[in-house]
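If you want the building blocks of each chain, they are given just below.
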Amino acid sequence: MSDLKYVRVEWDQDLAVVTVDRAEKMNALNGDVIAELGTVFQDLAEDGDLRGVILTGAGERAFVAGADIGELATMDAMTGVQVSRQGQRVFSLIERFPRPVLAAVGGYALGGGCELALACHIRVASENARFGLPEVGLGIIPGYGGTVRLARLVGLGRAIEMTLTGEMITAERAESLGLVSRVVPREDLLSEATALLRKVTANGPVAVSKALESVYHALDVALADALTYESSLFGLMASTEDMKEGMTAFLEKRKPDFRGR
Ligand code: COA
């Protein structure tokens, strides 16, 4: 991952902190940023020691202020489809990432930035965060999953209102809609995000991964198939050392020491 220009990866023990770092452009997503995010998440998926990821933006003012409008302005119909598909591929990689990914949103999360946060499993926002899908004001529609994932998270009516008005909402409103899990002071964003993610990663790593898999699988299939899939994964847990350790630790009244196996 040494050739990265716009995405930084830092380690906090077994957590990776991935930062979109193009602060002079409010971390706007040009093609290179999207490609680098893809590379980073592909590489991280191979890391057996990793337990979770925090995704954030550099600087105090923006998580990500959208796709790069300068780049989008030059697209034609064919490249437009390609740009959208490429972003969707990378965001789906994040959504289906086998470890929990938490978006720490410290400022504007607009357009592609809002869509990026939506592709993460959990969202924590700072008080100054602002969310919105302003694309219609530019004469386009959200193309990185925004017309799909927002409705699933906050409900159809609210998603349609946000998508069609293009208006920004505050962090407080985002919390009331269920778009973010919690709102914290800007200076506490990373520490609160880390504390929340550590609550997750203190649990059995295989169980956390398979719970995520079951939840997202269920979005794609009929109820009966989703339930069958859940049962298969549930049964699979019995083959893990983590299950043995988790239950033994409970019975022995001690904290479990999970190994992720
Ligand atoms: N694409 C490209 N550049 C962007 C950008 C984007 N999505 N968002 C911000 N920038 C750039 C600005 O052009 C400016 O660059 P410059 O200094 O070279 O002129 C820089 O980031 C700072 O932004 P600026 O607009 O001066 O800051 P602001 O505080 O006045 O406003 C925003 C901040 C986020 C409200 C405003 O930049 C904005 O509306 N951005 C576009 C959001 C959007 O529509 N996103 C969806 C895109 S599909």
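Residues numbered from 1 in each chain as written. Predicted model: local features only at pLDDT ≥ 70, side-chain atom pairs only at ≥ 80, totals over all residues. Heavy atoms only, no water.

**Q** Let's hear about the site of the ligand: which residues, and what values?
**A** The local shell around the ligand holds 17 residues, among which Lys25, Arg61, Ala65, Ala67 and Ile69 are the closest. Alanine 65 places a polar main-chain atom, nitrogen or oxygen, 3.0 Å from a nitrogen atom of the ligand. Alanine 67 is positioned such that a nitrogen or oxygen atom in its backbone is 2.9 Å from a nitrogen atom of the ligand. Burial of the ligand by the protein chains amounts to 61% of its free accessible area of 850 Å². Those elements that place two or more of their residues in the shell around the ligand are α2 (69–72) and β6 (108–110). The residue makeup of the shell around the ligand, split by class, is 10 nonpolar, 2 polar and 5 charged. (Near = heavy atom within 4 Å. Polar contact = N/O pair within 3.5 Å; in protein donor to acceptor, adjacent residues only side chain to side chain. Areas by Shrake-Rupley, 256 points an atom, 1.4 Å probe, with all protein chains shown as cover. Helix = DSSP H or I, 4+ residues; strand = E, 2+ residues; numbered from the N terminus. Nonpolar A, V, L, I, M, F, W, Y, C, P; charged D, E, K, R; others polar.)

**Q** Provide a residue-level description of the layout of surface pockets, including the pertinent values.
**A** Where empty space is left in the structure can be found by rolling a water-sized probe over the atoms. There is about 360 Å³ of room inside the largest pocket. Lining the largest pocket are 21 residues, and of these Leu72, Glu135, Ile140, Ile141 and Gly143 sit closest to its centre. With 3 residues, the single largest contributor to the lining of the largest pocket is helix α3 (residues 77–95). Here the residues of the lining of the largest pocket sort into 13 nonpolar, 6 polar and 2 charged. Roughly 230 Å³ of internal volume is contained in the second largest pocket. For the lining of the second largest pocket, the elements supplying multiple residues, two or more each, are α10 (223–236) and α11 (241–251). When its residues are assigned to classes, the lining of the second largest pocket shows 7 nonpolar, 4 polar and 1 charged. (1 Å grid on protein atoms, 1.4 Å probe; cavity = no way out; pocket = protein on both sides within 12 Å on 5 of 7 lines; lining within 4 Å. Points joined across faces, edges and corners; volume = space filled by probe spheres on them.)

**Q** Lay out the sheet that holds strand β1 (residues 7–12) in plain terms, naming residues and giving numbers.
**A** Here we have 6 strands laid out as an open sheet, ordered β1-β2-β3-β5-β7-β10, and mixed in their pairing. Where the open sheet ends on each side, the last strands, each with one partner, are β1 and β10 (182–184). Geometrically, the sheet is characterised by an average inter-axis angle of 25° between neighbouring strands, direction not taken into account. In this structure, strand β3 (residues 52–57) lies alongside strand β5 (residues 101–105), joined through 4 bridges in parallel fashion. Looking at the pairing, threonine 56 lines up with alanine 104 of β5. Contacts from helix α8 (residues 189–201) reach β1, β2 (15–20), β3, β5, β7 (122–126) and β10 within the one sheet, and its direction differs from that of β3 by about 160°. (Pairing = 2+ DSSP bridges. Axes fitted to C-alpha atoms, helices over the stretch in contact; angles between N-to-C directions. Contact = heavy atoms within 4.5 Å.)

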